[in-house]
Amino acid sequence: MRTTPDFSPRDVKLHQTPRPTIPLVTGFGDGYLQIGERRITRTILIAPEQLREDWGADDLDRLKPEDFTELAALPVQILLLGTGPTQRFPHPSLLRPMIEAGIGVEVMDTLAAARTYNILVAEGRAVAAALLLPDATS
């Protein structure tokens, strides 16, 4: 006699709904990101339970080691660094605080970082995103 497996809802999970206190990127356009209902036009940090519009500089070349020292204290496993319209890699000395804290860093363009952030949050990962908007106006 042939039997079929029992696929009840507890066996299959297609996605996880994030907690409502976790901000998500809901849209983007030329020089802005949409976070929930808010339009953000400057560099931001999105982390568990927080959204900071005053983090870091608007250009990768103006970031300082202190910017990353602050990030190393976040309760995350990974930081997504969105470097603007193109992927640019920061000087390795900037990332030293993250390495010492055991936090992985993925560098990509800002829109790719925003999309990846949403995916990782939906998976329940401890993730933060520092998203540079160099062409934005304050």
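Owing to the predicted nature of the structure, the values given are computational and were not obtained by experimental measurement.

Rules used throughout
- Residues numbered from 1 in each chain as written.
- Predicted model: local features only at pLDDT ≥ 70, side-chain atom pairs only at ≥ 80, totals over all residues.
- Heavy atoms only, no water.
- Helix = DSSP H or I, 4+ residues; strand = E, 2+ residues; numbered from the N terminus.
- Polar contact = N/O pair within 3.5 Å; in protein donor to acceptor, adjacent residues only side chain to side chain.
- Contact = heavy atoms within 4.5 Å.
- Buried < 20%, exposed > 50% of the residue type's maximum accessible area, 1.4 Å probe, protein only.
- Arc of directions from axis to C-beta.
- Pairing = 2+ DSSP bridges.
- Right-handed = clockwise from strand over helix to strand, strands pointing away.
- Axes fitted to C-alpha atoms, helices over the stretch in contact; angles between N-to-C directions.
- Expected span 1.5 Å × (residues − 1).

### Regarding the side chain of Asp 59
And then number 1: Inspection of the secondary structure assignment puts Asp 59 in the loop between β5 (50-52) and α1 (65-71).
And then number 2: One polar contact links the side chain of Asp 59 to the main-chain amide nitrogen of Asp 61, over a distance of 2.9 Å.
And then number 3: Leave out the neighbours within four places in its chain, and Asp 59 touches Arg 88 and Leu 132.

### Thoughts on helix α2 (residues 92-100)
And then number 1: Turning to α2, its buried residues are Leu 94, Leu 95, Pro 97 and Met 98. What you see down the axis of α2 is that its buried residues fit within an arc of 135°, all on one side. Away from its buried face, by an angle of more than 90 degrees, α2 presents the exposed residues Pro 92, Arg 96, Ile 99 and Glu 100.
And then number 2: Close packing links the buried residues of α2 with α1, β6 (78-82) and β7 (104-108).
And then number 3: Trailing α2 by a residue or two, Gly 102 shows a phi angle of about 75°, which is positive.

### Some points on the pairing of β7
And then number 1: Alignment of β6 against β7, held across 5 bridges, turns out to be parallel. Counted as the bridge partner of Leu 80 is Glu 106 from β7.
And then number 2: Between β6 and its parallel partner β7, the chain crosses via α2, and the hand of that crossover is right-handed.

### Things to note about the sheet that holds strand β8 (residues 127-131)
And then number 1: Across the sheet, which stays open at both edges, the 5 strands sit in the order β5-β4-β8-β6-β7 with mixed pairing between neighbours. Only two strands of the sheet have a single neighbouring strand rather than two, namely β5 and β7. Here the average twist between neighbouring strands, direction ignored, is 15°.

### Brief notes about helix α3 (residues 110-122)
And then number 1: Helix length check: α3, at 13 residues, gives a terminal C-alpha distance of 19 Å against a target of 18 Å (1.5 Å per residue), a fit within 8%.
And then number 2: All of the buried residues along α3 are Thr 110, Ala 112, Ala 113, Ala 114, Tyr 117, Leu 120 and Val 121.
And then number 3: For α3, the elements touching its buried residues are β1 (25-29), β2 (32-35), β4 (44-47), β6, β7 and β8.
And then number 4: The N-capping residue of α3, defined by a side-chain oxygen 3.1 Å from the backbone nitrogen of Leu 111, is Asp 109.
And then number 5: Directly beyond the C-terminal end of α3, a positive phi value near 85° is found at Gly 124.

### Considerations on the sheet that holds strand β3 (residues 38-40)
And then number 1: Ordered in space as β1-β2-β3, the 3 strands form an open sheet in which the pairing is antiparallel. Strands at the two margins of the open sheet, each flanked by one partner only, are β1 and β3. Looking at each pair of strands side by side, their axes are set apart by 25° on average, direction ignored.
And then number 2: As judged from the 3 bridges shared by β2 and β3, these two strands associate in the antiparallel manner. For Ile 35, the partnering residue across the bridge sits in β3 and is Arg 38.

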